[in-house]
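Chains, contacts and geometry: an overview
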Amino acid sequence: LNTAFMKIINSVNTYRESVPFKAWIRRIMINTAIDYYRKNRKYQEMIKYPDDEYAVETVSVDFNHADQNFDAEQLLELIRQLPPVTHQVFNLFAIDGYSHKEISKMLKMSEGTSKWHLSSARKKLQVMLNQSHSRINGLGRSGAVVKKKASI
C-alpha cells in the first residue's frame, strides 16, 4: 500500500486529465499489487510451513486445461491484442469494475455500444484462448494432432 501511494505521489505530474483520476489511481494500485506478487512469488514457493507436515489429505481441484496452461501475463498479452476501443472497454468493465453506464459517459458512446465491445472482446478472447490452447496441446488449426519430437 505504501509503495503504491509513493508511486502515485511521485508520478502525479504524469497524470493526464483525459483519464478519470480514480481510474488512474486504481490502475497504479493494481499494477503495484501485481508487481509485488510477482516479485515475492518465488520466495513464497520456497518457504516450507511447519503445518504442511501435519496436513490432512487434501482434495484436488480439477481445473480445465486453459487454467493450467495460462498465467496472468499470457492472458494480459491476449487482451492487448484486442482492437483499441474494445480493449479499453474490456479493461474498464472486467478489470477496473466500471458499469456500462460509467463507461459510456467516459468514452462518449452509448451503453449498447459499450456492451457490444465487451461481448466482442469476450468472443475474441475465447477464440484466441482456444487457439493458444490448441498450440500448447499440439493441435494444429484443423484440430489434427501434430507429432512432437520426443525429448529426453
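Anyway, here's the lowdown on the structure attached to this text. One numbering rule holds for all chains: residues counted from 1, following each sequence as written. Side-chain atom pairs in this predicted model are given and counted only at pLDDT of 80 or more, local residue features only at pLDDT of at least 70, and totals for whole chains, interfaces and linings cover all residues. Neither water nor hydrogens contribute to the side-chain values; these are computed over all heavy atoms in the structure.

**A short note on the overall build of the chain**
- When helices and strands are counted, the chain shows 7 helices and 0 strands.
- Secondary structure elements follow DSSP: runs of H or I of four or more residues count as helices, runs of E of two or more count as strands, with numbering from the N terminus. Along the chain, helices (α) and strands (β) appear in the sequence α-α-α-α-α-α-α when read from the amino end.
- Contacts in the chain between residues far apart in sequence, at least 24 positions, make up 54% of those at least 6 positions apart.
- Accessible areas in this description were obtained via Shrake-Rupley with a 1.4 Å probe; residue shielding takes into account the shown protein chains only. Counting every atom, the chain has about 12100 Å² of accessible surface; 57% of that belongs to carbon and sulfur. By definition, residues are in contact when any of their heavy atoms lie within 4.5 Å.

**Some remarks on unusual backbone geometry**
- A positive phi angle is found at K108, which is not glycine, with a value near 55 degrees.
- With respect to the helices and strands, the residue K108 is situated in the loop between helix 6 (100–107) and helix 7 (111–136).
- Only protein chains enter the accessibility calculation, which uses a 1.4 Å probe. A residue is then buried if its area is under 20% of the maximum for its type, exposed if over 50%, and partly exposed in between. K108 gets classed as exposed once you look at its relative accessible area, which sits at 75%.

**Focus: the pattern of salt bridges**
- Basic side-chain nitrogens of Lys or Arg form a salt bridge, by our definition, when they fall within 4 Å of a carboxyl oxygen of Asp or Glu. Applying the stated criterion to the full structure yields 3 salt bridges.
- For K7, the salt bridge is made with D35, and the minimal N-O distance between the two is 3.6 Å. With a gap of 28 residues between them, K7 in helix 1 (residues 2–10) and D35 in helix 2 (residues 21–46) connect regions that are remote in the sequence.
- For K7, a relative accessible area of 34% corresponds to the partly exposed category.
- A salt bridge links E77 to R80; its shortest N-O distance comes to 3.2 Å.

**Focus: the packing of aromatic side chains**
- In summary, the pairing rule links any two rings of Phe, Tyr or Trp, Trp by its six-membered ring, whose centres are within 6.5 Å, and it sorts them by plane angle into stacked for under 30 degrees, edge-to-face for over 60 and tilted for everything else. This model, assessed by the stated rule, comprises 3 aromatic pairs.
- Of the aromatic side chains, those joined through ring pairs into one cluster are Y15, F21 and W24.
- The rule is short: NZ of Lys or CZ of Arg within 6 Å of the ring centre and within 35 degrees of the ring normal puts a charge over the ring. Lying over the aromatic face of Y98, R26 brings its terminal NZ or CZ to 4.8 Å of the ring centre.

**So, the side chain of D96**
- Turning to its location among the elements, D96 is positioned in the loop between helix 5 (84–95) and helix 6.
- The exposure class assigned to D96 is buried, which follows from its relative accessible area of 10%.
- The contacts of D96, once residues within four sequence positions are left out, are R26, R27, I30 and N91.

**Section: a nonpolar patch on the surface**
- Patch criteria: residues need more than 30% relative accessible area and no salt bridge. Like-charged residues are merged within 9 Å; nonpolar side chains of Val, Leu, Ile, Met, Phe, Trp and Tyr are merged within 5 Å. A grouping of L1, F5, M6 and I9 is seen on the molecular surface, where their side chains present a nonpolar patch of about 450 Å² in accessible area.
- Locating I9 in the fold gives a position in helix 1.
- Look at I9 and you get exposed, because its relative accessible area is 57%.

**What about the layout of surface pockets?**
- Think of a 1 Å grid over just the protein atoms. A cavity is a set of points where a 1.4 Å probe fits yet cannot get out, a pocket is an open set with protein on both sides within 12 Å along at least five of seven lines, and lining residues have an atom within 4 Å of a point. Grid points are joined across faces, edges and corners, and a volume is the space filled by probe spheres set on the points. Volume-wise, the largest pocket comes out at about 880 Å³.
- Lining the largest pocket are 32 residues, with R27, H87, N91, I95 and D96 positioned closest to its centre.
- If you list the elements that add at least two residues to the lining of the largest pocket, you get helix 2, helix 4 (72–80), helix 5, helix 6 and helix 7.
- Of the volumes computed, that of the second largest pocket is approximately 180 Å³.
- Taken together, L1, T3, A4, K7, M29, T32, A33, D35, Y36 and K39 make up the full set of residues lining the second largest pocket.

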